[in-house]
Amino acid sequence: MKTEKIRRFTAFLLTFTLFLSLCACSSKNDPQSTSNHENADMTENSVPSDAEVKETMLEMETHADFLFQCGMVPVRSGWKWGYVDKSGAYAITPQFDQAEPFSENGLALVSSGGRYGWIDTTGTYVINPQFSSAHPFEEGLAAVENDDCLWGLIDETGAYVIEPQFDWINAFDSGGLAIVEKGYMNYGLIDKTGAYVASPQFANIGFGEDEAFDNNGLAIVALGTETGTEAARYDRYIFGYIDRTGTYVINPQFDDAGRFAENGLACVGSGNYINNSTYDERKYGYIDQTGTYVIPPQFDEAYAFSENGLALVCLGKWPECKYGYIDQTGSYVINPQFKRAESFLENGLALVESDGKYGWIDKTGTYVIAPQFGYAESFKDGLAKVYDENGLHGYINEAGTYVIPPTMDGMDSFCYGFENGVSVICQDGKEGLINSEGKYLVKPQYSELDPVESVGLRCFANESGRIGYLDVEGNEVISAQFDKSWGVAKHRFYNDGYAIVQVGSQWGIIDCNGKYVINPQFEEIRAPREY
């Protein structure tokens, strides 16, 4: 939603040249600006409300110096890195082997002679280069590695807060806990003092989620098992749940486990895999947050509950399995009958296959879109990709009406997928833009278009491989004049209204008008990695 507001607001800026101090994105002064969009059937961009203007201005102000952290950006000249300000003048002369953007605390991670340390905005070492590897500061702490390949945490003076002792330290989560590894696949939890909340004992915690702990304060953990049988290769873990104190709320006892849904139920499995899912002994059920079965294990497959209170389950082994939907008591609301099916989405529809045809049902099992497609994908941004009997695909809306007819073969013609109602479309090897109503914003004519729009501008590459930019209406507001060696996404604008561009073998920075802030003169310019 915020992205959409930014896009609409930027379009507003383009029209009324508002907020010029941040990014004058009107770009209409480019003498080479041309129009590529069809005006027929196109609607005007709506003017955002006062509340949206205020929210979007705050959002953009937050990113006002994203590329120029502390007023400077790291650049490479020859084989050495330094820092330049917005005028292109050196603030810190090239002298480092590597250099990262400055952090909010005014320190930047650099390396020299294979050792990592931190400098301040004058280029003076605050923490001398001494570590074999390191990561930038986050919330006053930085992870560093010593010569024994052990990781610890230092504060902004370079003093150890947590002595090197771990094989890996993950970033701290929003609750101040970090996953650490000590020994191969031996994970635990620490707080910011380095004290163990849970000693290293788990084969996994949270399974790669950004936040290991759910909203209910529980995290899935796995303990390794060694049975000595052939099945051990397929059944190596048992699963349980811990709270943020590291205490077991549900002891490890399950052979598979998922996160708790909003209704307080989690899908768990019991039983072994034996080489092939056809001979799977595992059955799935649902537990509450005490670990008590609310729905006993009985399903051959089961998935998390959707927002409408229904969960997708399967009876039988592939390829004879049938999918249906249960409620929170385990009762069937929609009996098992589908060869393939997916969970319900927020729009209240679920994709199902019956007799080789795909359609969509509602929570009563009634077809909203009759099964008629040879293949289909789930709805996204109000549209779903569907295939006809000839293998050609198009897009339908939630009423089942074709928005884009099935004329694309997936090789020379396809859509990248809709985001905020717009998709890059490729036809006969040329790319353009199409909206969710199936109308061209830009006819296919470019060799490459960036699927992502940023600050109202989208990067394109012409037949010669030269890079330029379109506005939200499809006009070429910054003509094709930059070189492409890393793809169009490398030239994407950042939220503060600057883009790193290449001319020949040199890199520079432009603003939203296409004017050089820093002329192309460097071998490399480094943006913050979290972008």
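Coordinates for the structure precede this section.
In this text the structure is predicted, and so the values were computed from the model without any measurement.

Draft legend 1. Quick peek at the overall build of the protein. The helix and strand inventory of the protein stands at 2 helices and 48 strands. Taking as baseline every contact in the protein between residues at least 6 positions apart, the subset at least 24 positions apart corresponds to 34%. Of the roughly 24700 Å² of accessible surface on the protein, a fraction of 48% belongs to carbon and sulfur atoms.

Draft legend 2. Quick look at the side chain of Glu353. Mapped onto the fold, Glu353 is located in strand 30 (residues 350-354). For Glu353, a relative accessible area of 5% gives the class buried. Side chain to side chain, Glu353 and Tyr358 meet in a polar contact 3.2 Å long. Sequence-distant contacts of Glu353, defined by excluding residues within four places in its chain, comprise Phe338, Lys339, Arg340 and Tyr358.

Draft legend 3. Representation of the sheet that holds strand 2 (residues 73-77) within the structure. Here 4 strands make up an open sheet; going across it, the order is 4-3-2-48 and the pairing antiparallel. Here the strands that pair on one side only, and so sit at the sheet edges, are strand 4 (90-96) and strand 48 (524-525). Pairing of strand 2 with strand 3 (residues 80-84) involves 5 bridges; the strand directions are antiparallel. Residue pairing for strand 3: Arg76 is matched across the bridge by Trp81.

Draft legend 4. Representation of the pairing of strand 8 (residues 125-131) in the model. Relative to strand 8, strand 7 (residues 115-119) is paired through 3 bridges, and the arrangement is antiparallel. When the bridges of strand 8 are listed, Ile119 appears paired with Tyr125. Between strand 7 and strand 8, which pair antiparallel and follow one another directly, the connecting turn spans 5 residues, one of which, Gly123, has a positive phi of 90°.

Draft legend 5. Representation of the environment of Gln521 in the model. Assignment of secondary structure puts Gln521 in strand 47 (residues 516-522). Between the C-alpha atom of Gln521 and that of Ile509, which follows or precedes it by 12 residues, the distance is 9.9 Å. Gln521 has contacts with Gln506 and Trp507, leaving out every residue within four places of it along the chain.

Draft legend 6. Looking closely at unusual backbone geometry. Geometrically, the link from Trp318 to Pro319 is a cis peptide bond, its omega value of 10° lying close to zero. Residue placement: Pro319 occurs in the loop between strand 26 (311-315) and strand 27 (322-326). Positive phi, close to 65°, is recorded for Cys149, a residue that is not glycine. Secondary-structure assignment places Cys149 in the loop between strand 10 (142-145) and strand 11 (151-154). A relative accessible area of 47% places Cys149 in the partly exposed class. Even without a glycine there, the phi angle at Phe207 is positive, about 55°. In this structure, Phe207 sits in the loop between strand 17 (204-205) and strand 18 (219-224). Residue class for Phe207 comes out partly exposed when judged on its relative accessible area of 38%.

Definitions and cut-offs
Residues numbered from 1 in each chain as written. Predicted model: local features only at pLDDT ≥ 70, side-chain atom pairs only at ≥ 80, totals over all residues. Heavy atoms only, no water. Helix = DSSP H or I, 4+ residues; strand = E, 2+ residues; numbered from the N terminus. Contact = heavy atoms within 4.5 Å. Areas by Shrake-Rupley, 256 points an atom, 1.4 Å probe, with all protein chains shown as cover. Buried < 20%, exposed > 50% of the residue type's maximum accessible area, 1.4 Å probe, protein only. Polar contact = N/O pair within 3.5 Å; in protein donor to acceptor, adjacent residues only side chain to side chain. Pairing = 2+ DSSP bridges.

These results come straight from atomic positions and should not be treated as a statement about function.
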